[in-house]
Structure formats: structure tokens, C-alpha cells
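Summary of structural features
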Amino acid sequence: MCGIAGIISLPNQGSALPIEVMVQAMHHRGPDFQDHWKGEGVALGHARLSILDLSEAGHQPMHSPEGRYCLIFNGEIYNYLDLKQALPDYPYRGNSDTEVIMAGFIHWGPSFLERLNGMFALAVWDKLERKLFLARDRMGIKPLYYAMTDQGLVFGSEIRTLLASGRVKRKLNRAVLGEYLQYQTVHDPETLVEGIYMLPAGHYAEFDPEGSLDIESYWDMRTYAQHPVDGTYEELCKQVRETFIESVERRKIADVPLGAFLSGGIDSSAVVAALATVSQDPVATFSVVFDEQEFDESTWSSLVAKRYNTQHIPIRLKPDSFLERLPEALMAMDHPSGDGINSYVISEETRKQGFTVALSGLGGDELFCGYPVFQQFTKARGMNLLYKIPAGVRGLIGKSVSGVYQNQKTNRLVQLLEAPQNEFAHLYPIFRQLYNQAELAELGLRQPDDWNLLEKVLPGNFEGWEQPQSVYSQVSVGEMNTYTRSVLLRNTDQMSMASALEVRVPFFDHELVELALQIPDQHKVPTIPKKLLVDAMGDLLPHEVVHRKKMGFVFPWPLWMKDSLKTFCETRIQSIADRGIFEADPLLAQWKGFLAGDKRIPYVKLWTLVVLADWMEKHDIDG
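Residues numbered from 1 in each chain as written. Predicted model: local features only at pLDDT ≥ 70, side-chain atom pairs only at ≥ 80, totals over all residues. Heavy atoms only, no water.

Observations regarding the sheet that holds strand β3 (residues 42–48)
Here is the rule: Two strands are said to pair when DSSP picks up at least two bridges between them. Only DSSP runs of H or I reaching four residues or more are called helices, and only runs of E reaching two or more are called strands; each is numbered from the N terminus. Only the stretch in contact is used when a helix axis is fitted, and all axes are lines through C-alpha atoms; the angle between N-to-C directions ranges over 0 to 180 degrees.
Taken together, 6 strands build an open sheet; the order of strands is β2-β3-β1-β9-β8-β10 and the sheet is antiparallel. Among the strands making up the open sheet, the edge pair consists of β2 (33–39) and β10 (196–198). Here the average twist between neighbouring strands, direction ignored, is 15°. Pairing geometry for β2 and β3, over 7 bridges, is antiparallel. Looking across to β3, one finds that F33 is bridged to R48.

Structural notes on the packing of helix α14 (residues 372–381) against helix α20 (residues 471–481)
To keep it simple, the criterion reads: In what follows, roughly perpendicular refers to angles from 65 to 115 degrees, roughly parallel to angles under 35, roughly antiparallel to angles over 145, and oblique to any angle outside these ranges. If you view the pair so one helix is near and one far, a crossing is left-handed when the near helix is turned anticlockwise from the far one by less than a right angle, and right-handed when it is turned clockwise. Note on contacts: a residue pair is in contact if any heavy atoms of the two residues lie within 4.5 Å. Residues are grouped as follows: nonpolar covers Ala, Val, Leu, Ile, Met, Phe, Trp, Tyr, Cys and Pro; charged covers Asp, Glu, Lys and Arg; every other residue, Gly included, is treated as polar.
Running from N to C, α14 and α20 point in directions that differ by 125°, and their axes come no closer than 10 Å. Classified by the interaxial angle, the pair formed by α14 and α20 is oblique. Judged by the sense of rotation from one axis to the other, the crossing of α14 with α20 is right-handed. Between α14 and α20, the contacting residues are V373, F374, F377, T378 and R381 on the first element and V471, Y472, Q474, V475, S476 and E479 on the second. A class-by-class count of the residues in the contact of α14 with α20 yields 6 nonpolar, 3 polar and 2 charged.

So, the side chain of H335
Worth spelling out the cut-off: Here a polar contact is taken to be a pair of N or O atoms separated by no more than 3.5 Å, where protein atoms must pair a possible hydrogen donor with a possible acceptor and residues adjacent in sequence count only if both atoms sit in side chains.
For H335, the location among the structural elements is in the loop between α11 (326–332) and α12 (341–352). A polar atom in the side chain of H335 sits 3.1 Å from the side chain of R490. Excluding residues that lie within four positions of it along the chain, H335 makes contacts with Y145, I159, V186, T191, L192, R490, Q494 and W615.

Things to note about the pairing of strand β14 (residues 284–289)
Heads up, the condition is: Only protein chains enter the accessibility calculation, which uses a 1.4 Å probe; a residue is then buried when its area is under 20% of its type maximum, exposed when over 50%, and partly exposed in between. With the strands aimed away from the viewer, a crossover counts as right-handed if its path from the first strand over the helix to the second runs clockwise.
Of all 6 residues making up β14, 6 are buried, and the element is well covered by its neighbours. Taking every second residue as pointing to the same face, both faces of β14 are buried, with A284, F286 and V288 on one and T285, S287 and V289 on the other. For the crossover that starts at strand β13 (residues 258–261), traverses helix α8 (residues 266–277) and ends in the parallel β14, the hand is right-handed. Relative to strand β15 (residues 311–316), β14 runs parallel, the two sharing 6 bridges. Paired with A284 across the strands is Q311, a residue of β15.

Shown next as C-alpha cells:
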């Protein structure tokens, strides 16, 4: 796990290549070693967090034996030993996955990406043809930002890396503000900085110094959701179990201390159970525990730790410790988000315990119908008779309901009633929205009438998506390509790497994702939470964990924002109002309504604005 950075200058654009400052800006991602290489009109930089082959043989930028290629890479390739056996003719100097990437690229070209199992963002410079190859992993676990400027191309693992180059203007991308408020993030390929883009997950790009950037997809999860597999329930459970355990076993590889997060929920318990099954030595687990009963999950995490005889490390925290670390956590936020503070504190504490790698249960909800949105969408999708009523009439019904019941749930109901059709592209995004169109308009923002979240992140047609056996898979695809990738995975990366901790996500092994998406809905119905996963794991999951009440890692942010964080939040709300980005009066009225307890204004709506204002100030972003 590391950070990468690069500059490719267009012809006659000078020789000043500020790669040193770009690498320094991401020092936290790779504190073990930093280096860079400069050629004619090109510079590549790397900050290394040593995980595999801790020797100098794993240092980057890495050059091919004959000197033609230069490679920088961030991530882990879990099947690199298998690939190494398939590429025996390469003159390896060490035992790093980076060398295997180099060997695979030389031997297979871009198609080598289809053979990789892992998380990665990488760049290869071809010195002979003077072309750059960029690629990002299938699920988008590792970030890769880029900007095309008058001088050429700059790219890197973080937005702050590109800003440090001085080649990108620190200007807010106002065109996506509506998207940010609606979904508490901006989805790739765009970002909140004008001119900075994100290479989409499952894509690669080729750039030549004449200024051409061609982007291609090499993997699309929709393919699997559209082609259900056959098999009995028992057969599919066995296949899920085997594939999941193989995924966990792959993610054991490390030459540094490795452990697993253990909350005591189904997903993290499944990871620990699988890890214990394939490990000869006791597994290290760590859990956050609290004195406050409403937050504490130690009863269940201790039960799982005892069941598998793990080296269990409880990390005791008080809720106020989150507030004490808030300035550091916000500084670590490379791109604004309405979430992520929790991840920062947990990662910091885990790193202090001496671990460099941690396995996470992130992804179980997305694959196995753990979120309420799966059932909510299914109900809305089944209202065929309601959607035969003209949209205008349905809208009137919604407005009459909202006049009686004024809360966030009613707002969502109105949107569902006003949707043109009860199809995936129209209904699903509503379940992830904070602000609706009317609320955006009050703040002076308006999305284009034809703008659709799914069309942005999943361009192309949705033919074949309306068959009844794939409704749950549709939601899984929606989740993984929106909220999961652009909020959860982005936050996991930026908040864990702020403390130089590598987090691995076994549920997002692409082979497991492909399998889960192909399983028909009839086998996924969540009559109990994540029934398919629970039945697949069988006796590996304690009964008490399966049937416990889901808590979630939530703290009293609404109370804090009205009390200990009130001045902090109010200052930033006023700051963003003064910038003229939004209509000031309705914005300040929202803040007052929130303080007064208006149920239509959940705390996250205002917190998203607070984070935006703080980020703009810290990174000197011009509105």
C-alpha cells in the first residue's frame, strides 16, 4: 500500500517537474520510503508503505530490466505468486508483487489486468513509445485522480497530490455541488475540484504527450447481474462459503503484522471465522469498545474472539475522543464526504497497536442484502398498479401526504410517487438522496432535468435489468457503484492511509462479487439478516451473533452539533453562506430549523455542508 504521483508534460511546456512536492504531499501514505524518477518531460514518484518484500528490491519507481518501462503502483496483488509461476522467464530480483505487475504488463500488455486479483492503482511509462498506461482495480478500492492541464497530465493517489503540483487551479467544481448535497459525495469520474477527475473503477487509460487520453473499461459488474446461475440453494451456499474463504486466505499475504477488525457483527465475524479456518497461528483481532452501553459491542466481539481463540485487543474509547480528534480527521479528508470520522479514529488506534494491515468486513451488506434499501426498493419496484396512474396525479397524492406528515421519510415518498416509472434507474437513486430537487432549488442549485445518477456511474443502457430474478442484484450494483465506492471505500482509503494502515476487504474480491451477483433473488430473500451469507457460513458463525440486533457504528452527532460542536458548525455554515455558493437565507434557515428540531432536516444534511466549508478552507479552494 502506497501513494503514486506523476507528471507528463506536453511538448515545449518547460522542464520544471515538481514531483518532489507531490510525493511529499502524500508522505503519510508511504512513510517507509519515498523516491522519484525524472525523464524527458516525465516524472514519476512513489511513497512506500512496505507490506511485501521489505527489502530495497521492492522500492519504486521500478524499471524493467532492459530499461524500457518505469512502473509505480499502489495496492496489493493477492495472486501474485500464481502469476509469478506463469511468468518464469522474467529476471526477478526480489519477491514483491510490483515486479510481477511489471512482468505481466510486458508479457500480456493491457489484458494482464484481467488476470489480477487485488486492489490497485498503477502507472507504467513506456520510454520507447513515450506513452503512459494508467489502471484502477475493478471495485475502485484504490483511488487514482488525474487532471489535463495546458502543460500536460498530472495524476496521483490523492487530490492534495495534484494540488501540490501547482499545475491545477484550486477552484471548486460548482457543476457538481447539487450531486454532492444529494449524495454526500461526488461520484467518479468527477470531483469537487474543477479539472480534477477520477479514473473510473474497472478502467484503464492510455496517454501520449501529444495530449490524447483514451479511457477503456475492462470489467463491468452488470454483466454478471444479468446472467443468473443455476443450482440448488445448498449448492450455492457451498460455493459462496468456498469462494469467501479463498478470498480471505488470499488476503493473508504480508511481511508485516496483520489482523482483523472485529465488531461482533455478521460480516466482521465471518471474516475472522474464515481467517481462523485458514491460519495455523492465532488470529489477531481488534475491537473498539466503550463504557457507554448504547455504543458498546464488546459482548459479541468477545464471544467471537473466544470462539476462535484470537489474540484479541480491545481498544477502549470514549465518544468524546472522536471530538478531540475531529480537526485531525478533517485534515485527513482528501475529498469531502458526509462520513468517515469513525474510520479515521479506528485506523489511528489500530496502527498504534503495531499493525500495518487489517482485514475489514466492509461489503457484506452490499452483496447479501444487509441494508434496508434492498427491501425498500423491492417494495417500490413491485408497485406496478400505482405507476399506471399518471405521474401528475401521483405527485398530487404525494404533496397532500407531505402536507400532513413533514419529515425525511415523507420527502422520499413524494419523490417515489413523482418518479416517471418504477424502474431501477429512476427509483434506486432516491433511496440514497439527502436533498431532493426542490430543496436544491431553494439553495440556488438545480440538476439538469435529464441528469441521472445511474447513467453517470453506469453509462450505457439498462437492457435486461427488469427481469424479476435480478432485483436484489440491481440494488447491489447500485450500492457498490455509488454509496459504497464513492463514500465508504473512498473514506476507508483516505482515513486509514492517513495513519499508514492498509485495509483489505475480502467481500470485494471480484470472484465473490461476480458469484453473488449471479445468484437469483429467490436465494437472497433476507428473512433473517444476510440469510444467504449466514447459511453459507453455517456453524462458523455463533448463533448469538447471527440473531443479535444490528447496532451500526453511530454516535450522537445531532446532539454534539447542537452543543459541543455548535460553534464549530455554525462558523462553517456562515462561512459557506458568505462565499455566495448557495442562497444564504434558506441555508441559514436550515441551520436554525435543525437547531429547533425540525425532523425534515437530519444532521447529515448540515454536516455535509460543514465538511465542505472546512475542506475548502484547509485546502484553499476558491469557490
